[in-house]
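One letter stands for each residue in the lines below.
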Amino acid sequence: PTNARHEQREFIRVNSDKVQYTNEAITTDYKYLNTHVEKVHHDDGTTEYVATPIERQYQFKTERKVPRTGLMMVGWGGNNGTTITATILANKHNITWHNKDGVQVPNYYGSLVRASTIRLGTDPATGKDVWVPFSNVLPMVHPNDLVLGGWDISGLPMDQAMARSKVLDYDLQRQVAPYMAEMKPLASVYYPDFIAQNQEERADNTLPGQSKAAHVDQIRADIREFKRQNNLDKVIVVWTANTERYSEILAGVNDTADNLLKAVEQNHDEVSPSTIFAIACILENAPYVNGAPQNTFVPGCIELAEKHKAFIGGDDLKTGQTKVKSVLAEFLVNAGIKPLSIASYNHLGNNDGYNLSSQRQFKSKEISKASVVDDCCAANHLLYRPAVPGKKTADGKADKGEHPDHCIVIKYQPAVGDQKVAMDDYTSELCMGGRNRLYVTNLCEDSLLASPLLLDLTILAELMTRITYKAGADDKEWNSMYSVLSLLSYSLKAPVVKPGTDVVNSLNRQRAACTNFLRACLGLAPESDLLLETRVW
Ligand code: NAI
Ligand code: DG6
C-alpha cells in the first residue's frame, strides 16, 4: 500500500567514487552537460545554429537527517486545508472507513512524492528497468510526521471546517473528527479588498488593527511560537487560502525589497495578505509556497527572498484541467499538429468557486490557467509565427506572435459542491487543411486532486533547504539553491522562476527536471531514455 513506510524497507546506495556517504550527508561530484547555441544570420538569408557542448562541474551535498517539520497552511480551514489534515490523520492512525463501495484504506494517491516511482536504472542480469519510490531517492519528510497548523479568517475548529467542506465520506469524517476538534486556526490577516466580498461572512477570526507592519510581526511570532511549542526544526508555510485579486505593480511600492518593506510600514493598500505572509516567512526563513494564482511574489518580494536567501515557490496548484492541457497541447505541438483553439470550461460549487465568481478574483485564475501552453507553442516556429520584436498589433499591443485562441470560463454552481466539472475542446489543424477535435471531460472532487499537491510542495521545499552546492573546484563555500524554487513547477500552474529565465510549462519536462535533479544529488546521470543497450548489437 502507498501509505506504507517504503523508506524503512528499501534503500538506494550509489556505487561510485563520485559519491561519498557520511552519517551527516551525501556528497556527489556531478558533471553538468548542456548545449550552448548561437544563432548566426547570414547575408544570404540563411540562419546557422552553432551548437557547442558545454560541461560544468558541480558538487551537491544533501543533509541526511530529516528534520522535525511543521506545515502551516494559510487557509487551513478551507477545503484543501481540512482535506489534507484529515488525510494525514487517517494515514497516520491507519483509519479505515466504509463508503458505498466497501472498506476504504487511506493512501496518498495523487502525490508525486508518495505515490509515484522513478526509473533508477537497468538490472544488468535481466535487462529490465528498475523502479523505486520517488520518496526513496533522497531522505524526505514523511507526511505522517508533519506537524500541522495554520491560519484562517474563519475560526471554525477543524472538525467543523471539514464538515463544512463536504469533501470526505461521512464515516471517515466521523473518525478523524475527534483528532481535529482540538485544532483551531490562528487568526489571520484580512484585507477585504483582496478577496471576494462574498467571503465576508466567514471572516470571524481576523487579526486586530490596521497596521500591516504589526501583522507581519504577528505572523512571524506565530511561526516562531508554533516551532517552539512543537519542538520543530523547520516550518514550511503554504498559502491555500482564497484566491486574491492581483496587486498592482507600482514603482516605489512593491518594485524593490526596500520599497516593499517601506510600503508595509506605510500601510500601503497594494500590499496583499498573501504578500504579508510571504514577507513574514522570508524574514523567519520559513519556505513559503503560494498555492493560489495571485501575484503574491511582486518583484520586491522576490528581491527580499534573494536578499535573505529564503525559499519561495508558486503560483497556483496545478491539478486537473491545466495538467492535462500541458500534456495534451505539448503532445499535439510535438506531433506537428497545430492547436488553433483551446476552449476550457469548468463549473464547481465549493467555496473556491464562490470566491472565483467575483470578477477580480476570477481574473487572477484566468491568468494563471491561460499561460500554460505559451512556451510549448512558442517552441515550434514551424507551426506558429514567432513574435516580431518591436512590432505592434492592430490594437497597439506588443506582437506576441501566433498562438492558439485560448479561453477560460469558470462558473459557480453550488449544487455540484466539490465535484468540479471541467470540459475542454481542442481544435487543431491537420495535414492538408484537415481538422482534429479532441474533447476532454474531467469530473472529480477538486480538493482530493489538490490536497496531495500540498504535501509534494511541502516535502520538496523542505528537501531543497537541505541541499547545497559548489560550482566548480574554486568554489570554497557550500551555497544554498536559488531562492525561487522552480523545481516545484510540476505542481504549479504558473511557475514563478528566476527573473529573466524562461518558464517551462511542459509537465514532462517539469517532472524530468525534478527527478534528474534528485539523481544529480546521487551523482547519477540524467534519465535520457536513450537505452542504447537496446538499440545496438
Ligand atoms: P476554500 O475556499 O475552501 O478555502 C480557502 C480558505 O482560506 C477558507 O477557509 C477561507 O476562510 C480562508 N482564507 C481566505 N483568506 C484568508 C486569509 N487572508 N488568511 C487565512 N485564511 C484565509 O478553497 P480551497 O478549495 O481550499 O482552495 C484554496 C486555494 O487553492 C484557492 O485559492 C484555490 O483557487 C486554490 N486552488 C485550489 C484547487 C483545488 O482543486 N481545490 C486547485 C488549484 C488551486
Ligand atoms: C475552477 O477552475 C476552480 C479552480 O480553483 C480550479 O479548480 C483549480 O485552479 C484547478 O485548476 P486546474 O486547471 O489545475 O484543474
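Up top you'll find the structure we're talking about.
Every value quoted in this text rests on a predicted model; they were computed, and no experiment measured them.

Rules behind the numbers
Residues numbered from 1 in each chain as written. Chains lettered and ligands numbered in written order. Predicted model: local features only at pLDDT ≥ 70, side-chain atom pairs only at ≥ 80, totals over all residues. Heavy atoms only, no water. Pairing = 2+ DSSP bridges. Helix = DSSP H or I, 4+ residues; strand = E, 2+ residues; numbered from the N terminus. Near = heavy atom within 4 Å. Polar contact = N/O pair within 3.5 Å; in protein donor to acceptor, adjacent residues only side chain to side chain. Areas by Shrake-Rupley, 256 points an atom, 1.4 Å probe, with all protein chains shown as cover. Nonpolar A, V, L, I, M, F, W, Y, C, P; charged D, E, K, R; others polar. Salt bridge = Lys/Arg side-chain N within 4 Å of Asp/Glu carboxyl O. Buried < 20%, exposed > 50% of the residue type's maximum accessible area, 1.4 Å probe, protein only.

Peer 1: So what exactly am I meant to see when it comes to the sheet that holds strand β3 (residues 47–63) here?
Peer 2: Across a sheet, paired strands are connected by hydrogen bonds in the backbone, their directions being either parallel or antiparallel. Spatially, five strands are ordered β1-β2-β3-β17-β18 in an open sheet, and the strand pairing comes out antiparallel. In the strand order of this sheet, the two ends are held by β1 (19–21) and β18 (479–480), each with one partner. Where β3 lies against strand β17 (residues 467–471), five bridges are found, and the strand directions are antiparallel. Residue pairing across strands places K61 opposite T468, the latter belonging to β17.

Peer 1: In this structure, what is going on with the site of ligand 2? I would like to understand it.
Peer 2: Around ligand 2 sit 16 residues, and of these T322, N346, D352, K365 and K493 come closest. Between ligand 2 and T319 there is a distance of 2.8 Å, counted from an oxygen atom to a backbone nitrogen or oxygen. Side-chain polar atom of T322 to an oxygen atom of ligand 2: 2.4 Å apart, as the coordinates give it. Alone, ligand 2 offers 390 Å² of accessible surface; in the complex the protein occludes 97% of this. Counting residues per element, the ones that place at least two in the shell around ligand 2 are α9 (321–334), β13 (338–348), α10 (351–356) and α11 (359–370).

Peer 1: I tried to follow the site of ligand 1 on my own but got confused; where do I start?
Peer 2: D152, S188, V189, R202 and N351 are the nearest of the 30 residues found near ligand 1. Note that an oxygen atom of ligand 1 is positioned 2.8 Å from one of the backbone N or O atoms of A241. Protein contacts shield 99% of the accessible area of ligand 1, which totals 830 Å² for the unbound molecule. Split into classes, the residues belonging to the shell around ligand 1 amount to eleven nonpolar, twelve polar and seven charged.

Peer 1: What should I look at first to understand the pattern of salt bridges in this one?
Peer 2: Between side chains of opposite charge, a pair can form as their charged atoms come close. For the structure shown, the criterion picks out 21 salt bridges. Taking the shortest distance from any N to any O, the salt bridge between E284 and R220 comes out at 2.7 Å. One end of the pair, E284, is in helix α7 (residues 273–284); the other, R220, is in helix α5 (residues 212–229), and 64 residues separate them in sequence. Looking at E284, the relative accessible area reads 15%, which means it is buried. Take R220: its relative accessible area is 22%, and that puts it in the partly exposed class. The closest approach of N and O atoms between K234 and E462, which form a salt bridge, is 3.1 Å. Taken together, the positions of K234 in strand β10 (residues 234–239) and E462 in helix α13 (residues 446–465) put the pair 228 residues apart, joining distant regions of the chain. Like K234, the residue E462 is buried in the burial classification.

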